[in-house]
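Listed here are the chains, written in short residue letters.
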Amino acid sequence: MEGPTGPNPCRLQGSNEPAIDRLTIDGRPELSCQSDSNCQCEGEVKIKSKRFGRGAVESGLTHECGVFGAIGTGEWPTQVDVGQVICLGLVALQHRGQESAGIVTSEGKSARTFNSHKGMGLINNIFNDEAMKKLKGNLGIGHTRYSTSAASEEVNCQPFVVHTAHGALAVAHNGELVNCSSLRKMVLGRGVGLSTHSDSELITQALCLNPPEGETNGPDWPARINHLMRLAPLSYSLVIMLKDKIYAVRDPYGNRPLCLGKILPLGSSYVYKQSSAQHAAVLMNGCAKNGLEDKAEGWVVSSESCGFLSIGARYVREVLPGEIVEMSRHGIRTVDVVERPEGKQQAFCIFEYVYFARADSLFEGQMVYSARLQCGRMLARESPVDADIVSSVPESGTAAAHGYARQSGIPFMEVLCKNRYVGRTFIQPSTRLRQLGVAKKFGALSENVRGKRIVLIDDSIVRGNTIGPIIKLLRDAGAAEVHIRIASPPLKYPCYMGINIPTREELIANKMDTFKLAEHVGADSLEYLSVEGLVSAIHYNMKATPSDGVGGHCTACLTGDYPGGLPEDVDW
């Protein structure tokens, strides 16, 4: 994913601003730069920023990607069609990335040969019958990626595969390294060549380096992963495949999601023959207990749990922050846990709940849909309004709209009809075409709209380009009033951890308060959910109360409070 270039990190000619001290791997400060020819820094090899040219995203947010892995248990060859399982898993993660995808499998016999297929576009277009035939294996990993035009190249498709002295290694990555530049410099300094600006290639090559403790009997992969995690504490979820094992890795802050599932025999589906109390015990807040004691046919790991049921798997648990899970034909086990720096809280991205995750995914013991419903309830308490109906911008605001309607007592009614065959509005090259794109994307249900005072719920406003045309559409259909309610706080800060949030200057919340923004977009009123309201709504259904550094959330894009502080090594 590419996005806007950020401020120059060094001193420019004619500027009195000091250069930023960036930390190298060994902790010594050094002045370095990745910017333009006006830079006054010396002695540094200039490498074009991996975010150079990011800026094609015109509205909304984009996520880096989704990862998936699967392995058969017991005797190999496995009865599980690993390639098909991964492909279906990636289809379920398609909302996390629609630019490119790849699958790499291993038959578990040769350390030198992996089966691989990658391509540009949607999953169903990349993996046809011919492609799937060559993806034979007993284990494999997959990846689906979001980018824009500057990085929409097959060379950047994941998983990345490298061939080492100890055999092939494949890596798929979700997130973004906040200290990418210093890690890149360290890897290049060790004589390793890099062919892209991708964090994922950098991670793959860094794993090929010996850990400082040394190795005696071949590569100690958990030690290498541990070493990488200490070098780069944020932000990633990784699936790493060797000849006969997969390692599932989540950064120590737990910023990006990752969860485990168990592939069960075909006869282990839910059986709804018990009493309601027993049924409730089975569901365990969405986590199936039924069948989990059965012998596994395989294990899966995924950015989200939403695809597990479709592949015959059951959600087991999340990979814990800092945890390294080894998946083999014998099952799964935790081989190491890398702790966060003392006093630091867990920092799971709160926008997974707000925007990115699919509504049927599970995080922290609750379904995303339930969290969004609670956000709507909280929004109704904080920002009530007299109206005839509550509705949503489909589908992102629908769960919150139902919550608003239930809390306020105002009936929910659909007012917008979505054309599902129109691409996302951010691909349009100009404001005029982008707004026409919004008109193509939605139609107004005029019978529901005419003469009504409408509360319209959406999940977020980024640049404010798309909500105005929607309001105009409703007014043209006869709406008496349109009150906008946003089920998240205003976005004010960029994200350095895998979400393409624009620069501060482009974010509409930094330009206008709610009154001016309502006037700008043509609404009768406009209000956001507060940061405190959002955090309270997310915590409402969580099984564990956030404490002792566990259960915390990253709100950096809302508050500017970044996990571990503002990154000193940011190259954009």
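Residues numbered from 1 in each chain as written. Predicted model: local features only at pLDDT ≥ 70, side-chain atom pairs only at ≥ 80, totals over all residues. Heavy atoms only, no water.

## Observations regarding the UniProt feature "binding site: [4Fe-4S] cluster" (unreviewed entry) in the chain
The line we're drawing: UniProt positions are given in the numbering used here, feature names are shortened, and annotations may be inferred rather than shown by experiment. Lining residues are defined by having an atom within 4 Å of a point belonging to a cavity or pocket. Those points lie on a 1 Å grid over the protein atoms alone, cavities being sets where a 1.4 Å probe fits but cannot get out and pockets being open sets with protein on both sides within 12 Å along at least five of seven lines. Contacts are residue-level and defined by heavy atoms, with any inter-residue pair within 4.5 Å sufficient.
Following the UniProt record, the feature "binding site: [4Fe-4S] cluster" (unreviewed entry) maps to Cys-349, Cys-495, Cys-554 and Cys-557 here. The annotated residues occupy 209 residues of the chain but converge on a single region, no pair of C-alpha atoms lying more than 10.2 Å apart. Within the annotated group just given, the residues that line the largest cavity are Cys-349, Cys-495, Cys-554 and Cys-557. Every residue in contact with Cys-554, bar those within four places of it in the chain, is listed here: Asn-255, Ala-347, Phe-348, Cys-349, Ile-350, Met-497 and Pro-563.

## What to know about unusual backbone geometry
Our working rule: Working definition: helices are DSSP H or I runs of at least four residues, strands are E runs of at least two. Numbering for both runs from the N terminus. Using a 1.4 Å probe on the protein chains alone, a residue whose accessible area is under 20% of its type maximum counts as buried, one over 50% counts as exposed, and one in between counts as partly exposed.
Residue Ser-235 is bonded to the preceding Leu-234 through a cis peptide linkage, with omega at -5°. Note on placement: Ser-235 falls in the loop between helix H6 (221-231) and strand E9 (236-241). For the bond from Pro-394 to Glu-395, the omega torsion is -10°, close enough to zero to count as cis. With respect to the helices and strands, the residue Glu-395 is situated in the loop between strand E19 (389-392) and helix H10 (398-408). The backbone phi angle of Glu-364 is positive, close to 50°, even though this residue is not glycine. In this fold, Glu-364 is placed in the loop between strand E17 (362-363) and strand E18 (366-367). Its relative accessible area of 12% is what places Glu-364 among the buried residues.

## Looking at the packing of aromatic side chains
Each aromatic ring pair is characterised by the separation of its centres together with the angle its planes make. For clarity, the threshold we go by: Pairs were defined over the aromatic rings of Phe, Tyr and Trp, the Trp ring being its six-membered one, requiring ring centres within 6.5 Å. Orientation was assigned from the angle between planes: stacked under 30 degrees, edge-to-face over 60, tilted for the rest.
Summed over all chains, the structure comprises 6 aromatic pairs. For the ring pair Phe-348 and Phe-363, a centre distance of 5.1 Å and an interplane angle of 70° mean the geometry is edge-to-face. Taken together, the positions of Phe-348 in strand E16 (residues 348-349) and Phe-363 in strand E17 put the pair 15 residues apart, joining distant regions of the chain. Each of the two residues, Phe-348 as well as Phe-363, counts as buried. Their ring planes at 80° and their centres at 5.0 Å tell us that Tyr-355 and Phe-356 sit as a pair that is edge-to-face. Using a relative accessible area of 22% as the deciding quantity, one classes Tyr-355 as partly exposed. The exposure class assigned to Phe-356 is buried, which follows from its relative accessible area of 7%. The structure contains a cluster of three or more aromatic residues connected by ring pairs, namely Phe-348, Tyr-353 and Phe-363.

## What to know about empty space enclosed by the protein
Let me state the cut-off plainly: Grid points are joined across faces, edges and corners, and a volume is the space filled by probe spheres set on the points.
What the rule picks out here adds up to 5 cavities of 30 Å³ or more. Taken as a whole, the largest cavity spans an internal volume of roughly 90 Å³. In terms of lining, the largest cavity is formed by 13 residues, of which the most central are Cys-349, Cys-495, Ile-499, Cys-554 and Cys-557. Elements that contribute at least two residues to the lining of the largest cavity include exactly helix H8 (351-356) and helix H16 (556-559).

## Let's talk about the packing of helix H4 (residues 180-189) against helix H5 (residues 199-207)
Heads up, the condition is: Think of each axis as a best-fit line through the C-alpha atoms, taken over the contacting stretch in the case of a helix, with angles from 0 to 180 degrees between the N-to-C directions. Should an angle fall under 35 degrees it is called roughly parallel, over 145 degrees roughly antiparallel, and 65 to 115 degrees roughly perpendicular, with every other angle called oblique. Throughout, a crossing is termed right-handed when the near helix is turned clockwise from the far one, and left-handed when it is turned anticlockwise from it by less than a right angle. Any residue outside Ala, Val, Leu, Ile, Met, Phe, Trp, Tyr, Cys, Pro, Asp, Glu, Lys and Arg is labelled polar, Gly included; the first ten of those are nonpolar and the last four are charged.
Their axes nearest at 10 Å, the elements H4 and H5 cross at an angle of 45°. By the angle between their axes, H4 is oblique relative to H5. The two elements H4 and H5 cross, and the hand of that crossing is left-handed. Of H5, the residues touching H4 (which contributes Cys-180, Leu-183, Arg-184 and Val-187) are Asp-199, Leu-202, Gln-205 and Ala-206. In the contact of H4 with H5, the residues fall into 5 nonpolar, 1 polar and 2 charged.

## A look at helix H15 (residues 531-540)
What counts here: What the arc covers is the set of directions going from the helix axis to the C-beta atoms.
Within H15, burial applies to Gly-533, Leu-534, Ala-537 and Ile-538. Mapping the buried residues of H15 onto a view down its axis gives an arc of 130°, with all of them on the same face. Projecting away from the buried face of H15 at angles above 90 degrees are the exposed residues Glu-532 and Tyr-540. As for H15, its buried residues are in contact with H8, E18, helix H9 (368-382), strand E25 (553-554) and H16.

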